[in-house]
Amino acid sequence: MKLLDKGLEELSAGNWKEAKEILEDAVSKDPTAETYEALAQACWWVNDTASVLAHREKAYQLFLEKNNKYGASRNASFLGIDYLELKGEFAIANGWFTRAETMLDGLAPSPEEGLIKLLKGRQAFMLEPTNDTALRLINESMAINKSVGSIDGYMMAEAMKGFILTTEGKMKEGMALLDEATLMATTEQAKNINFVALTCCMLIEACERVRDFERAGQWCNKVKEICTRWQFDAMFSSCRNLYASVLVWKGQWQDAENELTAASAELKKTRPMYVAASAMRLADLRRKQGRWNETQYLLENAGNHALKLLSCAALAFDKDDLTTAANFAERFLRQVPEKEKTRKIAGLELSIRIYAAQEKIEEATPVLDELKAIAAMVNTVPLQAAVKSAEGILRKAAGKYEAAKQLFEDAIDMFDTVNAPFEAARIRLELAEVLITLGRFQLAEPELNHASKTFQTLGAEKYFEKTRLLLRHMHTTNAELQAMNTKLEFTGRELEVLRLIAEGKNNEEMAEQLFLSIRTVEKHITNLYLKMGVSGKSARAFAASYAIKHHLVFT
C-alpha cells in the first residue's frame, strides 16, 4: 500500500497523529499535491496551525502546476476558512475565497463550486444588511451540491439556510431544514466530520437563541458523542460553551462552570480566538452568582465579543446603575442587524427591565411590542414566559398590580414547566413585591421562601440576600400596618398624592396630573411619610400598601 493511501486510511479512522506521521514520511518521498493536501488535513486535526497553512499553500501551488483547477480551488477555499477561523484574518481569507471562485470560471459544476458558493453566502450573511444575497448564494450551493451528489456540501448549505431563517424568526421553515441537515449529519450519510459537527452546532445555536434548551441539550449530547468518537477536541470545546448555557438554564451551575473551564483550557490550545466565548458565558454565570468583581474582570479581558455590551448592561443593572445599563443596552441593540431578530431578544428584555426601573413606561411599550412580535414568530414556551415576565414588570411599574400579579403567576408556571429554576425564582421575587404592595402577605411569604431556597441552592448570593431582605421588610410592613387599626388623617391633597403613589405614578407624573410643581409634590410625600412613620427605600411601597389596605385606591 502506498504511504498516501495508508495515511488517508488513518485519517478515515480518526487516527490523526498516526496519519500525520505517515503523511510526513510520504511528503518526503513523494511530494505531490494530493499528499500535501492530506498532510494539511492531518495537521488541522492535531491543531498544528502553522503547518496547516504551509501545506495547504504547497498543495494549492502543486495543483496549479498540474492545471488541476478543481484541486487548486478546493485548497484555496480551505485556506480562506483557515485564515478566518484559525487566525481571524478576514482580508486574507476573502482573498483566498475570491481566488477559489475565479479558478472555477467556465468549468462544469462541482463540489468545489458548491463550497465556494456556501462560503460566499456565509460572508454575505455576516456582512450585508439583508439576507437576500446570502440566501441566493446558499440556494445555488444546495442546487449544485445536489446535482453533483455531494452529500456533505448539501448538508452544510441546508444547515446554513436553516440557521439564517431562524435568525429572522422563521422558525418552522428554518428548523425543518436544520432537522433534515442534522439527521444527515448523525446517520453517517455525510463523511466530512468537520461539516458534521458544524451542522449540529448551527442547530444547537439556533435552539439557544430561541431558548429551546431541551432540544439544544439533546443535540449537545449527540455532538459530544461524535466528537469523542472522532477525537475532535476543538469542536467539542465549542459545543461545551453551548452546553454550558443549557446547564445554566436548568440550574446546574456547577456543571456549567466545569464545562466552561474545560472549554476555555482546550480552546487556548486549539482555537485561541474563541476563548472569549467561554469567558463571556462564565462572566454571565458569575454575575448571576453575585460575584461581581470576577464578572468585571472577565468582561474587561473578553476583547470585542458580540455579547460584551449586553453583559456590561446586565451587570450595571444588577448594581442599580441604571444610566450605565441603559447606555450599554442601547449600544448592544444598535449593533444587532435588523435582520437578526432572535439576537435581539435578550437585549429587548433587559431594556424593558431598565425602563421599568426608571419609570419610563412609554419608552418601554414599543420595546415590549417588538419582543412580543418576535416571540409570536418563535413560539417557544421559555420565550412566551419571558414576554409574560416583561409585561408584568411594566404593569407593576405602572401600578397595575392585579394585572402584574396574573402575568407573573403565568410566567412562573411556564418557567417551572420547562425547568428554569433561576428564571422562575427571579419572577417569584417580582410577584412577592406585588403581593406585599397589595397587602397579601400570606401569599407573598411562600413565594419568597421558594425563591430563597432556589437562590441558595444555585449559589446566587446577591439574589439570596435580596430575598431575605424582602422577607424581613414584609414582616415589618405587615406588623406596622396591623398596628394602624385606624386610618390616619390626611389632607385632601395628601390623599390625592397617596392614591397616585399606589397607582405607580412617579413624582413628575403626579405633578403634571395635579397641576403642581415637583417640589410641592415632594413636600406632600414627605408629610405622608412623616404621618406614617416610614422612611428610606421601602417608604413608597409601604405608602402604596397602606392605600390599598384601606381601600383608598382601585387596583
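As the structure is a prediction and not an experimental result, all values here were calculated from the model.

What counts, and at which threshold
Residues numbered from 1 in each chain as written. Predicted model: local features only at pLDDT ≥ 70, side-chain atom pairs only at ≥ 80, totals over all residues. Heavy atoms only, no water. Helix = DSSP H or I, 4+ residues; strand = E, 2+ residues; numbered from the N terminus. Buried < 20%, exposed > 50% of the residue type's maximum accessible area, 1.4 Å probe, protein only. Areas by Shrake-Rupley, 256 points an atom, 1.4 Å probe, with all protein chains shown as cover. Lys, Arg positive; Asp, Glu negative; His and termini not counted. Charge placed at Lys NZ, Arg CZ, Asp CG, Glu CD. Patch = residues over 30% accessible without salt bridge, like charges linked within 9 Å, V, L, I, M, F, W, Y side chains within 5 Å. Salt bridge = Lys/Arg side-chain N within 4 Å of Asp/Glu carboxyl O. Expected span 1.5 Å × (residues − 1). Contact = heavy atoms within 4.5 Å. Phe/Tyr/Trp six-rings, centres within 6.5 Å; stacked < 30°, edge-to-face > 60°. Lys NZ or Arg CZ within 6 Å of the ring centre and 35° of its normal. Axes fitted to C-alpha atoms, helices over the stretch in contact; angles between N-to-C directions. Parallel < 35°, antiparallel > 145°, perpendicular 65-115°, else oblique. Left-handed = near helix turned anticlockwise from the far one by under 90°.

Thoughts on the overall build of the protein
Moving on, step 1. A tally of regular secondary structure across the protein gives 29 helices and 0 strands.
Moving on, step 2. The C-alpha extent of the protein, read off along each of the three principal axes, is 100 × 40 × 35 Å.
Moving on, step 3. Counting the 555 residues in the protein, one finds 54% classified as buried.
Moving on, step 4. Total accessible area on the protein stands at roughly 25200 Å², and carbon and sulfur atoms take up 50% of it.
Moving on, step 5. Side chains of the protein give 71 positive and 77 negative charges; the mean places of these two sets differ by 3 Å.

A few points about a negative patch on the surface
Moving on, step 1. A cluster of acidic residues, E362, E363, E508, E509, E512 and E522, forms a negative patch on the protein surface.
Moving on, step 2. Of all the elements in the fold, those that place two or more residues in the negative patch are α20 (361-378) and α27 (507-514).
Moving on, step 3. Broken down by element, the residue count for the negative patch peaks at 3 residues, all from α27.
Moving on, step 4. Checked against the element boundaries, E363 lands in helix α20.

Some details on helix α4 (residues 49-65)
Moving on, step 1. Along its 17 residues, α4 runs 25 Å from first to last C-alpha, staying within 8% of the 24 Å computed at 1.5 Å per residue.
Moving on, step 2. Taken together, the buried positions of α4 are occupied by V52, L53, H55, R56, A59, Y60, L62 and F63.
Moving on, step 3. Those residues of α4 that are buried are in contact with α3 (33-45), α5 (69-85) and α6 (90-103).
Moving on, step 4. N67, located one to two residues past α4, shows a positive phi value of around 60 degrees.

A closer look at a nonpolar patch on the surface
Moving on, step 1. On the surface, a cluster of nonpolar side chains totalling about 300 Å² of accessible area is made up of F90, M126 and L127.
Moving on, step 2. With respect to the helices and strands, the residue F90 is situated in helix α6.

A look at the side chain of S73
Moving on, step 1. By the secondary structure assignment, S73 is in helix α5.
Moving on, step 2. Leave out the neighbours within four places in its chain, and S73 touches A100, M103, L104 and E112.

Description of the environment of H473
Moving on, step 1. Tracing the chain through its elements places H473 in helix α25 (residues 461-483).
Moving on, step 2. Measuring from C-alpha to C-alpha, the distance between H473 and E461 comes to 18 Å, with 12 residues separating the pair along the chain.
Moving on, step 3. Dropping the residues within four chain positions of it, H473 is found in contact with I436 and S538.

Focus on the packing of aromatic side chains
Moving on, step 1. One pass over the structure, following the stated rule, counts 11 aromatic pairs.
Moving on, step 2. Centre to centre, the rings of Y60 and W96 are 5.1 Å apart; their planes meet at 90 degrees, and the pair counts as edge-to-face. On the criterion of sequence distance, the pair formed by Y60 in helix α4 and W96 in helix α6 is long-range, its members being 36 residues apart. Comparing Y60 with W96 shows no difference in burial state: the two are buried.
Moving on, step 3. Note on F490 and Y546: the rings are 6.0 Å apart at their centroids and 85 degrees apart in plane angle, and the pair reads as edge-to-face. Residue F490 is located in the loop between α25 and α26 (492-502), and its partner Y546 is located in helix α29 (residues 539-549); the two are separated by 56 residues in the primary sequence.
Moving on, step 4. Residue F490 is classed as buried on the basis of its relative accessible area, which comes to 17%.
Moving on, step 5. Looking at Y546, the relative accessible area reads 0%, which means it is buried.
Moving on, step 6. Aromatic rings pair up to connect W253, F422, F455 and Y463 into one cluster.
Moving on, step 7. One Lys or Arg, R74, reaches over the ring of F63 and ends 5.5 Å from the middle of that ring.
Moving on, step 8. The ring of W96 carries the charged tip of R99 above its face, separated from the ring centre by 4.6 Å.

What to know about the pattern of salt bridges
Moving on, step 1. For the structure on display, the rule yields 40 salt bridges.
Moving on, step 2. One salt bridge connects E34 with K66, and the closest N-O pair in it is separated by 2.8 Å. In this pair, E34 is assigned in helix α3 and K66 in the loop between α4 and α5, connecting sequence segments 32 residues apart.
Moving on, step 3. For E294, the salt bridge is made with R286, and the minimal N-O distance between the two is 2.9 Å.
Moving on, step 4. Ionic contacts of the salt-bridge type, sharing partners, join the residues E205, R209, E340 and R343 into one network.

What to know about the environment of V497
Moving on, step 1. Considering the arrangement of structural elements, one finds V497 in helix α26.
Moving on, step 2. For V497, a relative accessible area of 0% gives the class buried.
Moving on, step 3. Distance in space between the C-alpha atoms of V497 and A544 is 10 Å, their sequence separation being 47 residues.
Moving on, step 4. If we ignore the near neighbours within four places in the chain, the residues touching V497 are M510, L514, H524, I525 and L528.

Thoughts on the packing of helix α9 (residues 151-167) against helix α10 (residues 171-186)
Moving on, step 1. Two elements in contact, α9 and α10, have axes whose closest approach is 7 Å; the angle formed by their N-to-C orientations is 155 degrees. By the angle between their axes, α9 is roughly antiparallel relative to α10. As for how α9 packs across α10, the hand of that crossing is left-handed. Of the residues in α10, those touching α9 at I151, Y154, M155, E158, A159, K161, G162, F163, L165 and T166 are M171, E173, G174, M175, L177, L178, E180, A181, M184 and A185.

Looking at helix α8 (residues 132-148)
Moving on, step 1. A rise of 1.5 Å per residue sets the reference length of α8, with its 17 residues, at 24 Å; its end C-alpha atoms lie 25 Å apart and thus fit the reference within 8%.
Moving on, step 2. All of the buried residues in α8 are A134, L135, L137, I138, S141, M142, I144 and N145.
Moving on, step 3. Just past α8, the residue G149 takes up positive phi, approximately 75 degrees.

Re the packing of α4 against α5
Moving on, step 1. It is the contact of α4 with α5, at a shortest axis distance of 8 Å, that shows an interaxial angle of 160 degrees. Relative to α5, the element α4 is oriented roughly antiparallel. In this structure, the crossing between α4 and α5 has a hand that is left-handed. Seen from α4, the contacting residues are V52, L53, R56, E57, A59, Y60, F63 and L64; seen from α5, they are G71, A72, R74, N75, A76, F78, L79, D82 and Y83.

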